[in-house]
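Next come the chains, spelled out residue by residue.
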Amino acid sequence: MNFFRSKTMSFQKLIIPRESAWDIMNILAEQDCIHFVDFDPSVPMINRLFSNHIKRCDDLLIKLSFIEHEIKKYQKTITYSKDVNLIVQNFKLLIRDRSKASQTYLDNVEIDIEKKHLQLIEQVNNLEYLYEKRNKLIEHKYVMIKGQAILGKSFFQTANYVAEGFMNIQGKQLDYIKLLQGSIKFNYLVSVINKEDKIRFKRIIFRITKGNVWMNIMDIDNYEIIDTTNNNLRLLKSVFVVVYPGGGGSNLITNKLHKICESFQITKYKFPENNIKFQEILKQVETDLVETKNLLQMTQSQMDAYLDDFLSVSHNSKCSEIEELKLFLIREKYLYTQLNYFQLQGSALYGSMWLPEGMEIKIEKALKEVQNKNEGLPAGYLQSSLPQGSSPPTYFETNEITWGFQEIVNTYGIPRYKEINPGLLTVMTFPFLFGVMFADIGHGLCLLLLGLYLCIYNQDIKNANSVLKHTLIVRHMLLMMGFWAFYNGWIYNDFMSVPLNLFGSQNEINQYKWVLKDESCVYSFGIDPVWMCVTNELTFINSYKMKLAVIIGVIHMSFGIILKGLNAIYFKNWLDFFFEFIPQLIFFICSFGWMDFLIIYKWFINWTGRTDEAPSVITLMINMILAPGQQVIPPLWGDGISEASTQTAMLLIALICIPIILIPKPLFLYHRVKKQEKEIQKNQTQKDLYRELNQESNLQESIKISKQEIHHEDFGDIFVHQVIETIEFLLGSISNTASYLRLWALSLAHGQLAEVFFQMCLNGGISSGGFVGAIRLVFGYSVFSLITFGVLMMMDVMECFLHALRLHWVEFQSKFFKADGYAFQKCSYLKVMKENVDLNE
Amino acid sequence: MDLCVFGVDDGYAEAIIRGLRASFLSEAQYQQMKNCASIPELKSFLEETDYQNCLQADNPQIPTSILRQRLKKKLADEFEYIEAQSTGTLTKYLFHLRCRFMIDNVVNMIEGLKNKIDIEILLSNIDPLGWFPEIKNIKVLEGDDYSSLYRDVLIDTPIGVYFMKFLEESIENLHENRTLNDIQNLFREMKPEYIRTSLKKMWLEDFYSFCESELMATSQEVLLELLKFEADFKTIQVIYNSIGNRDLNTAAKIITTRKQLCPTIGNLYPDCEKLYLQAMTLDTLREAVKGCDNYRDLLKDAPDPLKREEFNVQTKTLDDIMYDDECRRYALAFDGQGSYGVFYAYLKLKEQEIRNIIWLAEMISRKLAKNHPGWKKIIIPFSHLGK
């Protein structure tokens, strides 16, 4: 029964000469079966041997992401890798065909990427500069056009231009201006400002000049101005004209205005004072603009072509070059991260690893292969050794079916090394318990069909990029859950709240009463549909389901306790076996096993005609504890005295079990601890002597000793721990049994919901019949189907799933599962590259 | 009651900030930072922490000023995000928090302009938490004409109110028949530090009354307590710094200045006001504040301000002592539930963290010996809670 436990691990030391570190690690990572152990987790990664290599890879990845960003900006599509195996193969070929040492390929890539990155930056800067220039030219153009519009055409007429300019816009003030004209000269400030700063600018100008200027602002209705630093966002700008008094030269207002303009980072544009010059400049600006635009287009197409280089798809790897480079860097980084787990001593790297048993040959072969391929490279050396420190990792091979269930177990906790793995058992029990709760022929069939569809069209769905893609991973789980829901639906004979009468009910109506057709006949499969038509339907079904739930629960938990015994045998932990497993099992069987026996025994008796004589199982159980030894009335069998004595015996056995669980174990444990302490003390004195002889004190050894010392526990702790364990088990066996009643409760809830939906939506239409009924059914059915899908097929599936999960985690696994292991992390290129490829989706 | 409804509006913002609790550097991480031998090493260490993304683009030999700017930018980004998620009172509250940084920025700009530092450098040194669009326009300041600066630029900024009050108060203090010249003289002699302290005092008082009037009970309880201490510390600092200050030569002048700079809230005001205003030595100051809390203990270790010339890097100054005590209070406030105190505490603690990192960066770049007492002068947020 090896597959119930994790794989046997062997601890190996690996010594790699520094020169061949890359090659050896490269080939080991391709083996997919090694778990490297960090030599000292307290050393930060930056202080490790290969941290600069990792840093280099990181830098290059950042550069690549910059290039990728540019590519996306140009709305080009990158072909992402679909199959990482191809890429791994491709690298293998690539490295084999190179004449130089393999690890120098990173240098090549580095030079290549750095060069391209620099070129790209140059291009981008160039482009930005051109955009900037274009923006400026557009602004200038609009300064001219809008400025003219604000100031009016007559602005350029030499005489009286000031007054005329005002008149065009604000005729009212003409008189006032005319008075001033001649004595004061006006200056003009025309430029462009961001639209969002408009109001602020206006206000500040007003304040600073105390209202002694006239200004007007007009928006530019051109959307070509682009902010290159911010994702090519459109910038909205406005042209403003400020007219202020004060002749030439510098005066207070001029100074202040200039300062403000500077603080708003406004560029100054030339605004000519006469018409001829105006036309000239405008023309100049227009031609410049056209020129810049052409240049811009050219640069852009250059850039386009440049970026296309990164997108070329090679036939070997079936993905873009940039993706290939990225994956290569990720691979390289991973390799060096793994190498960082090694310690440098002299000219060799010393590391340790966990290997699944039997893999040593594979690794030896791989090491030899490296040497054969590259002559002159010193070989690595594998050496098995005793494990140091922590216990071995837990490693299970999973396949597509078991993966999901193993994940369910791992979410709770990774099994301890070599402990029985509940994952495999969950494959069967989980869908079954789900099925008990979700029991319904119709709904179960829907789930079953979904599962079948996903399993059969697996490949098609994967290729078609469908929404269902993400459910593929749990397709087997869905299939099994659907099957058991379907099966249990038959047992309960429940098709969306309607029982099916497929095999012909064994009851018939005789004088307004249901009677059996034949004394000895039973309904072929499941519950007779006639129960649907009687008044005590719910009471009967509930009692039946409850009893079934408790029976299933007790069997499931007893199984859990037995697994604990198997674990104890495997680890040769006889203390646990005799003083925990055996009394626990006996206690459980004598209490709740007895209850199951009573239930089943009661089922075997034909109570027809004397139902009032049937004893209630609950009363029997209560009296067993409250009134032990008393004659049982009404009895289940015989006269009730033999039943009473059996019950008393059961109770006594169960009670005796409690001190057996509670007392011996802590005593033995304490004894063991005492013995160990003595030994340690003896060892210590020996070691002290040894150390005195050997001046070089071994630091590691002393650390180990101190660790052992910490382990020291006194009797109080051990005993309290055992008391807690015992109470947990005793109370747990009661509360957990009750907890299995959720199997009934959820099934009841499901059934009742289905019934309500059926009654509300369909029943009225069916029973009224005729045309009205048909119309009602059309509407009713649409509501029914939606609500069934939403509530029963989505929410209820989720709910039943969660409760099945809970039954496994809490009720079942608490009986035996220690769950304090850690997972085997295999060193694998495929794994790390796959993770990255999945990110792209 | 307000604990029940706190989550309705502010639950999300609080949740985000609780999540950010994980970004604080731990004591072990500080230990590792102390072991860094050079700035590039420190930088690559920080790249393994939560500061990863904000430093990646810089070259390894990052100057301390840029490092500070990057760290602050990150804090500002986080804060902005939370601000964007907030509604109603919380938005107002968060905005009030920002005002403190705005005051700093404005005073720094004024100081820089006075010293004729290039505007670009000044703008690049602005604390991103206290950025507002008008800050660029402070450039129009001419000479010492603060009133026109206020009238032209600051009037419709968030801190305009404080600035106005400040101007009013400083002009009021002049004698009756003042002339324009007097006012100009007043401004010319005014130190930016003085402006900063009085603006901050007004901000603190304003923030206090905001908390008192608008926040819910739990937030009030936490915040008012914190703000009282902050006000007290401010008072003590003002008195402490004015002891033996050469610019304030007459006793009357000292008292009026003190009166202007000390907040009118807190545990010390108004009971001990008379005493502390007249404290002229460290001992009398100790005597003046002994009635409140543990202030006496705080001042016990403070170096004598009269021997200011003897201070050096190692001296544990009053500021350090106060930061330490504040840090403890903020850490407690941060771990409290259902109050706005957590936002305030987060900001303060992150500021402390940035100060720590910068301090360590300084120590590293000066290549001081590892046993130098300066290495111990960092205050680690949340380290007080364990003890």
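About the thresholds
- Residues numbered from 1 in each chain as written.
- Chains lettered and ligands numbered in written order.
- Predicted model: local features only at pLDDT ≥ 70, side-chain atom pairs only at ≥ 80, totals over all residues.
- Heavy atoms only, no water.
- UniProt positions renumbered as here; feature names shortened; annotations may be inferred.
- Axes fitted to C-alpha atoms, helices over the stretch in contact; angles between N-to-C directions.
- Helix = DSSP H or I, 4+ residues; strand = E, 2+ residues; numbered from the N terminus.
- Parallel < 35°, antiparallel > 145°, perpendicular 65-115°, else oblique.
- Left-handed = near helix turned anticlockwise from the far one by under 90°.
- Contact = heavy atoms within 4.5 Å.
- Nonpolar A, V, L, I, M, F, W, Y, C, P; charged D, E, K, R; others polar.
- Buried < 20%, exposed > 50% of the residue type's maximum accessible area, 1.4 Å probe, protein only.
- Pairing = 2+ DSSP bridges.
- Phe/Tyr/Trp six-rings, centres within 6.5 Å; stacked < 30°, edge-to-face > 60°.
- Lys NZ or Arg CZ within 6 Å of the ring centre and 35° of its normal.
- Core = buried A, V, L, I, M, F, W, Y, C linked by side-chain atoms within 4.5 Å.
- Patch = residues over 30% accessible without salt bridge, like charges linked within 9 Å, V, L, I, M, F, W, Y side chains within 5 Å.
- Areas by Shrake-Rupley, 256 points an atom, 1.4 Å probe, with all protein chains shown as cover.
- Salt bridge = Lys/Arg side-chain N within 4 Å of Asp/Glu carboxyl O.

As annotated in an unreviewed UniProt entry, chain B is V-type proton ATPase subunit from Paramecium pentaurelia.

The name an unreviewed UniProt entry assigns to chain A is V-type proton ATPase subunit a, from the organism Paramecium pentaurelia. Heading Subcellular location (unreviewed entry) of the UniProt record for chain A holds this comment: "Membrane". Heading Function (unreviewed entry) of the UniProt record for chain A holds this comment: "Essential component of the vacuolar proton pump (V-ATPase), a multimeric enzyme that catalyzes the translocation of protons across the membranes. Required for assembly and activity of the V-ATPase."

(A) Looking closely at the packing of helix α13 (residues 422-437) of chain A against helix α16 (residues 475-492) of chain A. All names here are of chain A. Their axes nearest at 7 Å, the elements α13 and α16 cross at an angle of 45 degrees. Between α13 and α16, the angle falls in the class oblique. The two elements α13 and α16 meet at a crossing, and its hand is right-handed. Facing α13, whose interface residues are Val 427, Met 428, Phe 430, Pro 431, Phe 432, Phe 434, Gly 435 and Val 436, α16 presents Met 480, Met 481, Trp 484, Ala 485, Asn 488 and Tyr 492. By residue class, the composition of the contact of α13 with α16 is twelve nonpolar, two polar and no charged.

(B) Molecular detail of the pairing of strand β9 (residues 348-356) of chain A. Residue and element names in this part refer to chain A. Within β9, eight of the nine residues are buried, leaving the element largely enclosed by the surrounding structure. Judged from the nine bridges that link them, strand β1 (residues 9-17) and β9 form a sheet pairing that is antiparallel. If you follow Ile 16 over to β9, its bridge partner there is Leu 349. Bridge analysis of strand β8 (residues 343-345) against β9 gives three bridges, and the strand direction is antiparallel.

(C) Layout of the packing of aromatic side chains. The tally for this structure, following the rule as stated, stands at 61 aromatic pairs over all chains. Measuring from centroid to centroid gives 5.8 Å for Phe 588 of chain A and Phe 592 of chain A, while their planes differ by 40 degrees, and the two rings are tilted. With a gap of four residues between them, Phe 588 of chain A and Phe 592 of chain A both fall in helix α18 (residues 574-604), about one helical turn apart. Across the pair, Phe 592 of chain A and Phe 588 of chain A agree in class, each one buried. With 5.3 Å between their ring centres and 15 degrees between their planes, Trp 203 of chain B and Phe 207 of chain B make a pair best called stacked. Taken together, the residues Trp 203 of chain B and Phe 207 of chain B, both in helix α11 (residues 192-214) and four residues apart, mark about one turn of the helix. Summarising the burial analysis for this pair, Trp 203 of chain B and Phe 207 of chain B share the class buried. Clustering of aromatic rings is evident, with ring pairs tying together Phe 6, Tyr 93, Trp 203, Phe 207, Phe 210, Tyr 330, Tyr 340, Phe 343 and Tyr 344 of chain B. Residue placement shows Arg 21 of chain B over the ring face of Phe 382 of chain B; its charged tip is 3.6 Å from the ring centre. Over the ring of Phe 101 of chain B we find Arg 100 of chain B; its NZ or CZ atom is 4.6 Å from the centre of that ring.

(D) Quick peek at the packing of helix α12 (residues 400-412) of chain A against helix α25 (residues 770-812) of chain A. Residues and elements named next belong to chain A. Closest axis-to-axis distance for the α12/α25 pair is 11 Å, and the angle between their directions is 60 degrees. Looking at the two axes, α12 sits oblique to α25. Crossing geometry of α12 relative to α25 is assigned as right-handed. Seen from α12, the contacting residues are Ile 408, Thr 411 and Tyr 412; seen from α25, they are Phe 801, Leu 805 and Trp 809. The residue makeup of the contact of α12 with α25, split by class, is five nonpolar, one polar and no charged.

(E) Main features of the pairing of strand β7 (residues 237-245) of chain A. Residue and element names in this part refer to chain A. Along β7, eight of the nine residues are buried, which leaves the element largely enclosed by surrounding structure. Where strand β4 (residues 214-219) meets β7, six bridges bridge the pair, whose relative direction is antiparallel. Each residue of the ladder has a partner; that of Ile 217, found in β7, is Phe 240.

(F) Representation of the nonpolar core. Counting 144 residues, the largest nonpolar core has Leu 67, Tyr 93, Phe 163, Leu 285 and Phe 343 of chain B as its most contacted members. If you tally residues by element for this core, the top one is helix α18 (residues 341-365) of chain B, at 14 residues. In this view, Leu 67 of chain B contacts Leu 42, Leu 46, Leu 55, Ile 62, Ile 357, Ile 358 and Ala 361 of chain B; residues no more than four positions away in its chain are not counted. By size, the runner-up hydrophobic cluster in this structure holds 74 residues, among which are Ile 561, Trp 594, Ile 661 and Cys 800 of chain A.

(G) Expanded view of the environment of Glu 41 of chain B. Its place among the elements puts Glu 41 of chain B in helix α3 (residues 39-46). A C-alpha to C-alpha distance of 31 Å links Glu 41 of chain B and Asn 105 of chain B, two positions 64 residues apart in sequence. Setting aside chain neighbours within four positions, we find Glu 41 of chain B in contact with Ile 46 and Asn 47 of chain A together with Asn 35 and Cys 36 of chain B.

(H) Geometry of the UniProt feature "transmembrane region" (unreviewed entry) in chain A. Residue and element names in this part refer to chain A. Following the UniProt record, one finds the feature "transmembrane region" (unreviewed entry) at residues 424-453, 473-492, 548-570, 582-605, 617-637, 649-670 and 781-805. Counted over residues 473-492, helix gives 90% and strand 0%. Its end C-alpha atoms are 30 Å apart. Counting secondary structure, residues 582-605 comes out at 96% helix and 0% strand; the distance between its end C-alpha atoms is 32 Å.

(I) How the structure looks around a nonpolar patch on the surface. Residue and element names in this part refer to chain A. Taken together, the side chains of Leu 445, Leu 449, Leu 450, Leu 452, Tyr 453, Ile 456 and Tyr 457 present a nonpolar region at the surface, about 620 Å² in accessible area. Here Leu 445 lies in helix α14 (residues 441-456). For Leu 445, a relative accessible area of 31% gives the class partly exposed.

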